[in-house]
Amino acid sequence: MWTTILRLITFIYLNELLGVIGSLTTLDQVTGMMGDMVSMECNYVNPPGQKWYIIQWKRRNNGTEPETLVTLQNNFLSEDTKPLGASWNNDLEPSFRNRARTNIRQDENDLKFNLEIYDFNCGDRGLYSCEMIGDNSASSLTRLVLKAKPEKPVINNDVIIVDENSTCELECEVLAGLPPVRLTWLISTPGSSKFEVIENLPEQIVKEGSDCRPKVIQHVQLLVTKENSGSMFRCQVDNGMSDAMTEELYDVVQVKIPDPVVPSSPAYTLSCTGNECLSDGPVQGDVKNSAKSLLGSLLPSFICMLICIIL
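Conventions we followed
Residues numbered from 1 in each chain as written. Predicted model: local features only at pLDDT ≥ 70, side-chain atom pairs only at ≥ 80, totals over all residues. Heavy atoms only, no water. Salt bridge = Lys/Arg side-chain N within 4 Å of Asp/Glu carboxyl O. Helix = DSSP H or I, 4+ residues; strand = E, 2+ residues; numbered from the N terminus. Buried < 20%, exposed > 50% of the residue type's maximum accessible area, 1.4 Å probe, protein only. Pairing = 2+ DSSP bridges. Contact = heavy atoms within 4.5 Å. Phe/Tyr/Trp six-rings, centres within 6.5 Å; stacked < 30°, edge-to-face > 60°. Lys NZ or Arg CZ within 6 Å of the ring centre and 35° of its normal. Core = buried A, V, L, I, M, F, W, Y, C linked by side-chain atoms within 4.5 Å. Disulfide = S-S within 2.5 Å.

Enquirer: Would you mind going over the pattern of salt bridges with me for this structure?
Expert: Two side chains of opposite charge can pair, provided their charged atoms sit close to one another. A complete count under the given rule lists 6 salt bridges for this structure. In this structure, E131 engages K58 in a salt bridge whose closest nitrogen and oxygen atoms are separated by 3.2 Å. Taken together, the positions of E131 in strand β10 (residues 126-134) and K58 in strand β5 (residues 52-60) put the pair 73 residues apart, joining distant regions of the chain. The exposure class of E131 is buried, given its relative accessible area of 15%. A single network of salt bridges, built from pairs that share partners, joins K58, R60 and E131.

Shown next, in the form of structure tokens:
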């Protein structure tokens, strides 16, 4: 009973307090995809009789003073008390300023001052604050978190040929996205149309990538025999869920032993001088004897023809 009464008193006190100083709120965390637009909301409820002067968005980089991004000023000279346009910090890096916008909406006592960042990238991550200065001051923090899709895995070869009964190590790498995905290896043996997951892979290696996305490397070792020669190995992104996006992110390689060597018929050179013919091949003696026999059989016919011509 006393607990219920205490909660009721606390609720009434907070509502009375907010009725005097108003409330300024943001989301604790906002997550956006790399390359998309991300919006951070700042909502201010202005109680009757209270005035606010400025509301600012600031970026709180680690170990540095908060950096003012944009300032919204109250227009007290206007009867409808609409705020003036937002003014940006002139010292902001152009790479950020050119991608940042504000979205301002105001009702009778409610004001929304949202910060929008287009082409969201690694440098935009971090802690931001929305701060109000007026008859009473308030601030609220938002952590901006980046998510990124992984890229297609890469195997450096299409076909690998190794000696029979030798060990082969395959390597696959990927720019793994945020949060980082894992890589898995699958095998399809000759005559099979299915890929089966290879179990007990070694621990994957994580390195610094070209941007804030890490590079993940996964190896697999295998013994290549005559039975599994020609198998197809697939390296595929695994994010723990089955979806069309990750199922299309893979690369394949074929591993096999060398094809059998079939000996070809040797080519030999035949040269003749007089009634003798010589070959540079193993049948040189047979060719020589065949040439002698041929000349011996033609000689009598040649002499007979010559006598007939003379007569």
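Enquirer: Help me understand the pairing of strand β9 (residues 110-117) in this model?
Expert: Regular strands show a simple pattern: their side chains alternate between the two faces of the sheet. Within β9, 6 of the 8 residues are buried, leaving the element largely enclosed by the surrounding structure. In this structure, strand β3 (residues 38-40) lies alongside β9, joined through 3 bridges in antiparallel fashion. Among the inter-strand pairings, M40 is bridged to a residue of β9, identified as L115. Note that strand β4 (residues 43-45) and β9 share 3 bridges and pair antiparallel.

Enquirer: Where do I start with the environment of K256 in this structure?
Expert: Within the secondary structure, K256 is located in strand β19 (residues 250-256). Here K256 falls in the partly exposed class, since its relative accessible area comes to 22%. With 24 residues separating them in the primary sequence, K256 and M232 have C-alpha atoms 9.1 Å apart. Dropping the residues within four chain positions of it, K256 is found in contact with V159, I160, I161, V162, V224, S229 and G230.

Enquirer: What should I look at first to understand the packing of aromatic side chains in this one?
Expert: Geometry of an aromatic ring pair is reported as the spacing of the ring centres plus the angle between the planes. Under the definition given, this model contains 0 aromatic pairs. The aromatic ring of F96 is capped on one face by R59, whose charged end is 4.5 Å from the ring centroid.

Enquirer: Honestly, the pairing of strand β18 (residues 231-238) in this entry has me stumped. Any pointers?
Expert: For β18, the tally of buried residues reaches 6 of 8 residues, placing the bulk of the element in the interior. Bridge count between strand β14 (residues 182-188) and β18: 7 bridges; the pairing is antiparallel. When the sheet's bridge partners are listed, I187 is paired in β18 with F233. Pairing between β18 and β19: 6 bridges, direction antiparallel. Counted as the bridge partner of F233 is V253 from β19.

Enquirer: Sorry if this is basic, but what is going on with the side chain of R59 here?
Expert: By the secondary structure assignment, R59 is in strand β5. With near-sequence residues (within four places) excluded, R59 lies in contact with E65, P66, E67, L69, F96, G123, L127 and Y128.

Enquirer: Would you explain the nonpolar core in this entry?
Expert: One recurring pattern in soluble globular proteins is that nonpolar side chains are buried together. M40, I55, W57, Y128 and L144 are the most contacted members of the largest nonpolar core, which totals 29 residues. Within the residue set of this core, elements represented by two or more residues are β3, β5, β6 (67-73), β9, β10 and β11 (138-147). With 4 residues, β9 is the largest single contributor of residues to this core. Setting aside anything within four residues of it in sequence, one finds M40 in contact with V30, W57, F113, N114, L115, I117, Y128, T142 and L144. Listed in part, the 23 residues of the second largest apolar core include L170, C235, L249 and I257.

Enquirer: Just checking my understanding: could you explain the state of the cysteines for this structure?
Expert: In protein structure, a disulfide is the covalent linkage between the sulfur atoms of two cysteines. Tallying each qualifying case throughout the model produces 3 disulfides. The disulfide partner of C42 is C130, and the gap between their sulfur atoms is 1.9 Å. The S-S bond linking C42 to C130 shows a torsion near -75 degrees; that makes this disulfide left-handed. With C42 in the loop between β3 and β4 and C130 in strand β10, this residue pair connects regions lying 88 residues apart in the sequence. Like C42, the residue C130 is buried in the burial classification. In this model C172 forms its disulfide with C235; the gap between the sulfur atoms is 2.0 Å. Handedness here is read from the sign of the S-S torsion; for C172 and C235, about -85 degrees, the answer is left-handed.

This is a description of form; function is not addressed.
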